[in-house]
Amino acid sequence: MASLLLDNVTKIYRPRGKAPVEAVKRVTLDVKDGEIVALLGSSGCGKTSMLRMIAGFEDVTEGAIKIDGKEIHRLAPAERDVAMAFEGYSLYPPLKVRENIGFALLRQRGAGADIEARVKEVASLLEIGDILDRYPSLISAGQQQRTSLARALIRRAPVSLLDEPMSQLEPQLRAILRARLKDYLIAHKMTTVFVTHDQTEAVALADRIAVMEKGELQQFGTPDEIKTSPTNLFVASFIGEPPMNIFAGEVSPVSGGVAVRGFGPDGTSAFALKAPGLELDASRRVQIGIRPHLIRTGTGASDATGRVITNHWLGDQSHISFDIGGCTVVGVTDQPIAARAGDALPVGFPLRAIHLFDPETGNALAHGLDRAP
Ligand SMILES: Nc1ncnc2c1ncn2[C@@H]1O[C@H](COP(=O)(O)OP(=O)(O)OP(=O)(O)O)[C@@H](O)[C@H]1O
Ligand SMILES: [Mg+2]
């Protein structure tokens, strides 16, 4: 149990004979005692680089890393009280799974006779209790990954770093292990930073999510904050499945409120809404965002008429796409919708669901237009 601070951390790789790569740019991340944090971002955005700097396998180019307020970024990895499960597993080939998992405890004082029991506990938690006497070369990739995860978890280190710890597993097993992993981390008050590409996993496991892009931290917040108040267009469109609908548009002052217009690809008005009670000095261009799950269709919806492009019932939800004045709008409903391609349906955009972004910077201007500021 410990707090972890990345203070303005930059990582520049300087490969010989090649241009330098700025993999992490001035990232500040304040992870509380016992907190579980997910790093989410596209491939190459610097997630592994961040974990490797915390663990001590890469130098910090600029900035500092602190555990419980003490600078640790110049210490050797073994002196940092940090456990890491690597993206590439890196198991010891001559050691059995059981020995791989227990290895880190050998030099931990006081573990002693406890080692065998602790190995069994984490192995059973991760469903690998039946392969403890095998060698890493004789088990599957998913089993190697769980062995690597077990080796990190068994230490109950003050800070644990897990790099895509369950990426090799099928969704059913992932869901079961995710719940157990969360219980384990909480029970042992383990401060944890884990990397994932799976948004469901990030939301289910993490207290807070750090969204990264091109080496920069875009937003650090609870799953709910990131979903309902994305700080910019990148976060808005990266988080959420299907992604947020984004339209070019304009907001302008009208009597008693603000008019919001969405434009089709030719720049003509595709739909218009009024947000009563809001005030605005002058018209301005915006990007309008609206989540598919909040779009309404059928009775009671009256903001626009959509021509159905596709309509798929997925067993527990419908994904329906419309053409509205040349804009493609995706909606999700929890009921099947009786409509075919070409049908015209009324579509509603609830004001509380509308996000506005600055078209130049991409930064958020407003989340929800249902109340006066
Ligand atoms: N040793 C290295 N030398 C030079 N460049 C590197 C090195 N390691 C990583 N990079 C570069 O730094 C950037 C960040 O890489 P990193 O491995 O941290 O990304 P990542 O977010 O973990 O990606 P992924 O999701 O694919 O694992 C990439 O552009 C990568 O090519
Ligand atoms: Mg990586």
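All figures in this text were calculated on a predicted structure; none of them were measured in a lab.

Rules used in this analysis
- Residues numbered from 1 in each chain as written.
- Chains lettered and ligands numbered in written order.
- Predicted model: local features only at pLDDT ≥ 70, side-chain atom pairs only at ≥ 80, totals over all residues.
- Heavy atoms only, no water.
- Salt bridge = Lys/Arg side-chain N within 4 Å of Asp/Glu carboxyl O.
- Helix = DSSP H or I, 4+ residues; strand = E, 2+ residues; numbered from the N terminus.
- Donors = N, O, S within 2.8 Å, 3.2 Å for Na, K, Ca; no water.
- Buried < 20%, exposed > 50% of the residue type's maximum accessible area, 1.4 Å probe, protein only.
- Pairing = 2+ DSSP bridges.
- Domains from an automatic or database assignment.
- Contact = heavy atoms within 4.5 Å.
- Buried area = accessible area lost by both parts, 1.4 Å probe.
- Polar contact = N/O pair within 3.5 Å; in protein donor to acceptor, adjacent residues only side chain to side chain.
- Nonpolar A, V, L, I, M, F, W, Y, C, P; charged D, E, K, R; others polar.
- Axes fitted to C-alpha atoms, helices over the stretch in contact; angles between N-to-C directions.

Following the criterion strictly, the structure yields 16 salt bridges and no others. The partner of E127 in a salt bridge is R180, with the nearest N and O atoms 2.9 Å apart. Of this pair, E127 sits in the loop between α3 (114-125) and α4 (141-153) while R180 sits in helix α5 (residues 171-187), placing them 53 residues apart in sequence. One connected set of salt bridges, linked through shared partners, spans R98, E116, K120 and D133.

This part covers the coordination of the magnesium ion (ligand 2). Coordination of the magnesium ion (ligand 2) by the protein is provided by T48 (OG1) and E87 (OE), with metal-donor distances spanning 1.9 to 2.7 Å. Of this pair, T48 sits in helix α1 (residues 47-55) while E87 sits in the loop between β6 (82-85) and α2 (97-106), placing them 39 residues apart in sequence. On the basis of relative accessible area, T48 is assigned to the partly exposed category, the value being 24%. Assessed through its relative accessible area of 40%, E87 is described here as partly exposed.

The subject of this paragraph is the pairing of strand β9 (residues 208-213). The element β9 is extensively covered by neighbouring structure, given that six of its six residues are classed as buried. Residues of β9 alternate between two faces, with R208, A210 and M212 on one and I209, V211 and E213 on the opposite face, all of them buried. Inspection of the sheet shows strand β3 (residues 36-41) paired to β9 by five bridges, in the parallel sense. Within β9, the residue paired with A38 across the bridge is I209. Relative to strand β10 (residues 216-221), β9 runs antiparallel, the two being bridged by five bridges. Paired with A210 across the strands is F220, a residue of β10. Here β9 hands over to β10 after two residues, with K214 in that stretch at a positive phi of 50°.

One frequently used descriptor of interface size is the decrease in accessible area upon assembly of the parts. Along its sequence, the protein is carved into domain 1 (4-238) and domain 2 (245-367). Contacts between the two partners involve nine residues from domain 1, matched on the other side by nine residues from domain 2. Both sides of the domain 1 and domain 2 interface together cover about 750 Å² of buried area, and 61% of this is carbon and sulfur. On inspection of domain 1 and its partner domain 2, the count reaches five residue pairs in polar contact (both at pLDDT 80 or more). When residues of the side of domain 1 that touches domain 2 are traced back to their parent elements, those giving at least two are α7 (223-228) and α8 (233-238). Sort the elements by how many residues they give to the side of domain 1 that touches domain 2 and α7 lands first, with three residues. Along the lines of polarity and charge, the residues of the side of domain 1 that touches domain 2 split into four nonpolar, four polar and one charged.

Strand order across the open sheet formed by six strands is β6-β7-β8-β3-β9-β10, with mixed pairing between neighbours. The open sheet has two edge strands with one neighbour each: β6 and β10. Neighbouring strand axes in the sheet, compared pairwise and without regard to direction, differ in orientation by 15° on average. Sheet analysis places β3 next to strand β8 (residues 191-196), joined by five bridges and oriented parallel. Bridge pairing in β8 places L39 opposite V195. Sheet contacts for α1: β3, β6, β7 (159-163), β8 and β9; angle to β7, the most-contacted strand, approximately 150°. Packing of α4 onto the sheet brings it into contact with β6 and β7, and relative to β6 it is tilted by some 175°.

Another point: the environment of A339. Along the chain, A339 turns up in the loop between β18 (327-333) and β19 (344-348). On the basis of relative accessible area, A339 is assigned to the buried category, the value being 13%. For the pair A339 and A150, spaced 189 residues apart in the sequence, the C-alpha separation amounts to 50 Å.

Right, let's talk about the packing of α3 against α5 for a bit. Each pair of packed helices can be summarised by the angle the axes make with each other and by the distance between the axes. Packing of α3 against α5 brings their axes to within 10 Å, and their N-to-C directions diverge by 145°. Contact residues: α3 offers E121, V122, S124 and L125, while α5 offers L177, R180 and Y184. Here the contact of α3 with α5 is composed, by residue class, of four nonpolar, one polar and two charged.

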